[in-house]
Amino acid sequence: MLYRPLDTRRNEIRLLTLLHDEDRIKTNDIKCTLDHASLLSPPRYFALSYCWGDPTETSDIILNGLPIKVTTNLKAALLRLKKSECKVLWIDAVCINQEDAEEKSHQILQMGAIYRKAATTIAWIGEESSTSGLAFDLIENFWQRKRELLPKSIFNKKDSTTLNTLLVARLSDEGKAVSAFLILLRQPYWRRIWIIQELALSQTVDIVCGSFQVKWLKFQNTLQLLKQLYWQQVESHNGFSHLLNIQNFRQDAIDDRPIHFLDAIGRSQSSLATEKRDKLFAILQLTYNGNAFIPVPNYRQDTDDICLDITMSAISLSRSLDVIAFLGNSKDGSSEPTWVPHWLASTSRWNSQADKRRFKYLLGKAHFREKVRPYSHYRLRDSRPDLVRSHWCATEKFLFMPQRTGNILHVKGYIIDTVGTLSLTADSRPGSSILPDNKSSFRQSPYSRSFTSEKSTWSHFIKSIHRGIHPSNLLVNFPYFDSTNSEFQEMFEPLFFLFFEIGNENPHLGPRTYLEYRCFYSLWPEKAEKLKLEFPLLYSWFTANAGISFCGKTLGEWMTGSPIGRRGNAFFPRKMDHGFAAFPEIKAQRKLADTHTYTIMQQILEWNMRFMVTGRGYLGWADAKAMAGDKIALLLGCSVPVILRERQGGGWHVVGDSIVYGLMDGEGLEGVDVEGLGDIELY
């Protein structure tokens, strides 16, 4: 019998010992023994981290006198280690009885301790290639020269301009070596889900490729230097990005920073696993609350049931429905239950700026200003800064725990609006989507309010300048409009909020300035060429969607106060700009404000949502999967409005989240009998 039961009371594991060749004749045979050891007081051993490889390509090794099949990649690793001092090894494929699901589940919970207690983890990335030597030469070269190349004072700076200036002469011949290193990062090993835990939790790591070997510290140094010096060449390389992610996990473990289970899921989704359940089981030991979602890994449990259990745990632990709004409907758009995220996705759905936004929000890491509030006077810079928040409050303050019947989730809420006109998404290509008919008949805005007139504010502005107060120190919480353009006033607040405020995530935000407002509403057509060159995504999106119509005008006209192609700015009277003429440095500040504002606007578009005009005239952003005719619902316990689609046969499908100006702070529940709200069945 090859495998004897492990004594769980002693935290037993199995260790493999490589045996020397008999009569000192070197062969390609691998002979080894398998023995039990306790993690409470283990002998010195090495842990092997490797990619199993093609399970159909196998070779024999002799284990306790019996032949067993292992993958050819594991056999190659053992032949390499046979020549080293690493004789006592922990190898998951051999030291765990892969036919015993109960033992596998128990050993998974031990793996964090197994890698922490190993003397060294050997990361076998595969056999060497013709370029491997050049890659390892680069690693050693960078290590030997790092102090010379990057003085301590600039070693950690993110700005690579100075670094490139200093090093361009020294690194001009290293292009081939950099290419060889990137080839090394394409090895299948780096995409394996289990290596994140194995490398993150190990005390020391040796990278081994064929006959080449290097310490992880040197490997990490190369990653850092390439990020600093060759960012344009490496930023789009998937392997490089994946390695930086692994290094971040390792640094979190070294610094003892807690990682939320959902955070670990989002950060590891681009990794691959042969066994679907390992997409979740492999990250449990990296997190502080993984056992709250998966108490015990169970390879016998159906994968759909695992996803459902994790979703219900997320709802219960957060006391919120946000997880179904932000991550639901993540399979193919129609697979039921649509309210359950596809946690076991084999390819990354959550590897874009759009999905990073979702995880950031769910984990409370988003930062944005409170929505714009009208004030009737200018404020000086030392005034109280605007509040910063991390969550909306559409209905969140009304706690309600949903009930589940099979795959149906029963929630409380009501349908408040209908999705009307939708824009194209930022990633739409010509021919990939059709812009809906934008001849909207809706002409009344739900945002009507009394606005401050221009007369008194302009007088106050001029008097302030005459008193010697610099215009850049005059801060305003709301724009001061030209009274002759009152028809535009009610649109300023929602548009500025949706295209700028929600993306301004600086946690140390100060009051808004006139310059922010001014450059925002000089978008069309004054800055068209600048946008085309410096912010191509922003330019292409507005070019494609400027014709969207609401309240009798197009988006392009609302943004400029005049038809596309004509100069004009309805929101800011020309004499207000003339007031800055006495301060030439304002021109430079406006240029910086332009870059700042348009960068944020482009980042919002990278969320890949659809600009939306609702049936009642609200403006907002909807999930990319939204369609005209979908419903906007307020669900108790969800901090944002949710896009739902009516299901044939009754009930609703979840489409995704939305940001609707005027519904994000509980306005939709004002005057509503919350206790009397009916059930909404989500399928």
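Tell me what's going on with the packing of aromatic side chains, and back it up with residues and numbers.
Applying the stated criterion across every chain yields a total of 22 aromatic pairs. Of the aromatic side chains, those joined through ring pairs into one cluster are Phe499, Trp541, Phe542, Phe550, Trp558, Phe611 and Trp621. Above the ring of Tyr50, the side-chain terminus of Arg192 is found at 5.8 Å from the ring centroid. The aromatic ring of Phe249 is capped on one face by Arg267, whose charged end is 4.0 Å from the ring centroid.

Let's hear about empty space enclosed by the protein: which residues, and what values?
Under the criterion given, the structure shown has one cavity of 30 Å³ or more. A volume near 120 Å³ is recorded for the largest cavity. For the largest cavity, the full set of lining residues is Phe326, Arg357, Lys360, Tyr361, Ala366, Phe368, Trp392, Ile502, Glu505, Trp607 and Ile659. The biggest single contributor to the lining of the largest cavity is helix 16 (residues 353-362), with three residues. Each residue belonging to the lining of the largest cavity can be placed in one class, and the counts come to eight nonpolar, no polar and three charged.

How would you summarise the sheet that holds strand 1 (residues 12-18) if you had to cite specific residues and measurements?
Sheet architecture is open: nine strands sit in the order 5-4-2-1-6-3-7-8-9, paired in mixed fashion. Among the strands making up the open sheet, the edge pair consists of strand 5 (66-71) and strand 9 (212-215). Geometrically, the sheet is characterised by an average inter-axis angle of 35° between neighbouring strands, direction not taken into account. Two strands pair when backbone bridges link them, and strand 1 and strand 2 (residues 31-38) are joined in this way by seven bridges, in the antiparallel orientation. If you follow Glu12 over to strand 2, its bridge partner there is Ser38. Along the sheet, helix 1 (residues 72-82) contacts strand 1, strand 3 (46-50), strand 4 (58-63), strand 5, strand 6 (88-90), strand 7 (120-126), strand 8 (205-209) and strand 9; its crossing angle with strand 5, the most-contacted strand, is approximately 110°. Strands in contact with helix 8 (residues 216-229) are strand 8 and strand 9; relative to strand 9, the strand with the most contacts, it is inclined by about 80°.

Lay out helix 16 in plain terms, naming residues and giving numbers.
Listed as buried for helix 16 are Ala354, Asp355, Arg357, Arg358, Phe359 and Tyr361. Phi turns positive, to about 70°, at Gly364, one or two residues after helix 16.

Give me the layout of surface pockets: which residues, what numbers.
Here the second largest pocket defines a volume of roughly 630 Å³. Along the wall of the second largest pocket there are 21 residues; nearest its centre are Trp52, Trp194, Thr274, Glu275 and Asp278. If one sorts the elements of the lining of the second largest pocket by residue count, helix 3 (residues 101-117) sits on top with three residues. Residues that form the lining of the second largest pocket fall into these classes: twelve nonpolar, three polar and six charged.

Give a description of the environment of Phe142 that names residues and reports values.
With respect to the helices and strands, the residue Phe142 is situated in helix 4 (residues 132-149). In this structure Phe142 comes out as buried when scored by relative accessible area, which is 0%. The spatial distance from the C-alpha of Phe142 to the C-alpha of Asn221 is 7.5 Å, given a sequence separation of 79 residues.

So what about the pattern of salt bridges? Which residues, and what values?
Overall, the coordinates contain 21 salt bridges when judged by the stated rule. The shortest N-O distance in the salt bridge between Lys365 and Asp263 comes to 3.2 Å. Of this pair, Lys365 sits in the loop between helix 16 and strand 10 (368-369) while Asp263 sits in helix 11 (residues 261-268), placing them 102 residues apart in sequence. Residue class for Lys365 comes out partly exposed when judged on its relative accessible area of 43%. Among the residues examined, Asp263 registers a relative accessible area of 12% and is labelled buried. Between Lys412 and Asp679 there is a salt bridge, with its nearest N and O atoms 3.2 Å apart. With a gap of 267 residues between them, Lys412 in strand 14 (residues 408-422) and Asp679 in strand 23 (residues 679-682) connect regions that are remote in the sequence.

Any details on unusual backbone geometry? Residues and values, ideally.
For Asp256, which is not glycine, the phi torsion reads 60° and is therefore positive. Relative to the assigned elements, Asp256 resides in the loop between helix 10 (238-254) and helix 11. Although it is not a glycine, Asn608 adopts a positive phi angle of roughly 60°. Structurally, Asn608 is set in the loop between helix 24 (585-605) and strand 18 (610-614).

Describe the pairing of strand 2, naming the residues involved and giving the relevant values.
Looking at chain direction, strand 2 and strand 4 are connected through two bridges and run parallel. Bridging from a neighbouring strand, Cys32 pairs with Leu63 of strand 4.

Quick rundown of the packing of helix 3 against helix 7 (residues 194-201)? Include the residues and the values.
Relative to each other, helix 3 and helix 7 sit at 40°, their axes nearing to 8 Å. As the angle between them shows, helix 3 and helix 7 are arranged oblique. The way helix 3 lies across helix 7 gives a crossing that is right-handed. Here helix 3 contributes Ile108, Met111, Gly112, Tyr115 and Arg116 to the contact with helix 7, which in turn contributes Trp194, Gln197, Glu198 and Leu201. Taken together, the residues of the contact of helix 3 with helix 7 sort by class into five nonpolar, two polar and two charged.

I'd like a rundown of the packing of helix 8 against helix 10, residues and numbers included.
Look at helix 8 against helix 10: their axes get within 11 Å of each other, and the N-to-C directions meet at 125°. What the angle tells us is that helix 8 and helix 10 run oblique. Crossing angle aside, the handedness with which helix 8 passes helix 10 is left-handed. For the pair helix 8 and helix 10, the contacting residues are Trp216, Phe219, Gln220, Leu223, Leu226 and Lys227 in the first and Phe240, Leu243, Leu244, Ile246, Gln247 and Arg250 in the second. In the contact of helix 8 with helix 10, the residues fall into eight nonpolar, two polar and two charged.

So what about the nonpolar core? Which residues, and what values?
One finds Trp190, Phe219, Phe611, Trp621 and Leu682 to be the most contacted residues of the largest nonpolar core, which totals 182 residues. Among the elements that make up this core, the one with the highest residue count is helix 18 (residues 489-499) (seven residues). In contact with Trp190, other than residues within four places in its own chain, are Ile125, Leu184, Leu185, Ile195, Leu199, Ile207, Trp216, Phe219, His242, Leu243 and Ile246.

I'd like a description of the confidence of the model for the protein chain, backed by residues and values.
Any segment with low pLDDT has predicted coordinates that should not be analysed in fine detail. Of the residues in the protein chain, 73% reach a pLDDT of 70 or more, and the chain-wide mean stands at 80. Taken together, the stretch residues 151-171 has pLDDT below 50 and engages in 28 contacts with residues farther than four places along the chain or on a different chain. When the criterion is pLDDT under 50, residues 450-459 qualifies, and its contacts beyond four places in sequence or with other chains add up to 20 contacts.

Lay out the pairing of strand 14 in plain terms, naming residues and giving numbers.
When strand 13 (residues 403-405) meets strand 14, the two strands line up antiparallel, connected through three bridges. Within strand 14, the position partnered with Gln403 by the bridge is His410. The turn joining strand 13 and strand 14, which pair antiparallel and follow one another in sequence, is formed by two residues; a positive phi near 60° is taken by Gly406. Inspection of the sheet shows strand 14 paired to strand 23 by four bridges, in the antiparallel sense. Within the sheet, the bridge partner assigned to Val411 lies in strand 23 and is Ile680. Note that strand 14 and strand 20 (residues 631-635) share five bridges and pair antiparallel. Bridged to Tyr414 within strand 20 is Leu634. In this sheet, strand 18 lies alongside strand 14 in antiparallel orientation, the contact comprising three bridges. Across the sheet, the residue bridging to Leu422 is Met612, located in strand 18.

Conventions adopted
- Residues numbered from 1 in each chain as written.
- Predicted model: local features only at pLDDT ≥ 70, side-chain atom pairs only at ≥ 80, totals over all residues.
- Heavy atoms only, no water.
- Phe/Tyr/Trp six-rings, centres within 6.5 Å; stacked < 30°, edge-to-face > 60°.
- Lys NZ or Arg CZ within 6 Å of the ring centre and 35° of its normal.
- 1 Å grid on protein atoms, 1.4 Å probe; cavity = no way out; pocket = protein on both sides within 12 Å on 5 of 7 lines; lining within 4 Å.
- Points joined across faces, edges and corners; volume = space filled by probe spheres on them.
- Helix = DSSP H or I, 4+ residues; strand = E, 2+ residues; numbered from the N terminus.
- Nonpolar A, V, L, I, M, F, W, Y, C, P; charged D, E, K, R; others polar.
- Pairing = 2+ DSSP bridges.
- Axes fitted to C-alpha atoms, helices over the stretch in contact; angles between N-to-C directions.
- Contact = heavy atoms within 4.5 Å.
- Buried < 20%, exposed > 50% of the residue type's maximum accessible area, 1.4 Å probe, protein only.
- Salt bridge = Lys/Arg side-chain N within 4 Å of Asp/Glu carboxyl O.
- Parallel < 35°, antiparallel > 145°, perpendicular 65-115°, else oblique.
- Left-handed = near helix turned anticlockwise from the far one by under 90°.
- Core = buried A, V, L, I, M, F, W, Y, C linked by side-chain atoms within 4.5 Å.
- pLDDT = per-residue confidence, 0-100.

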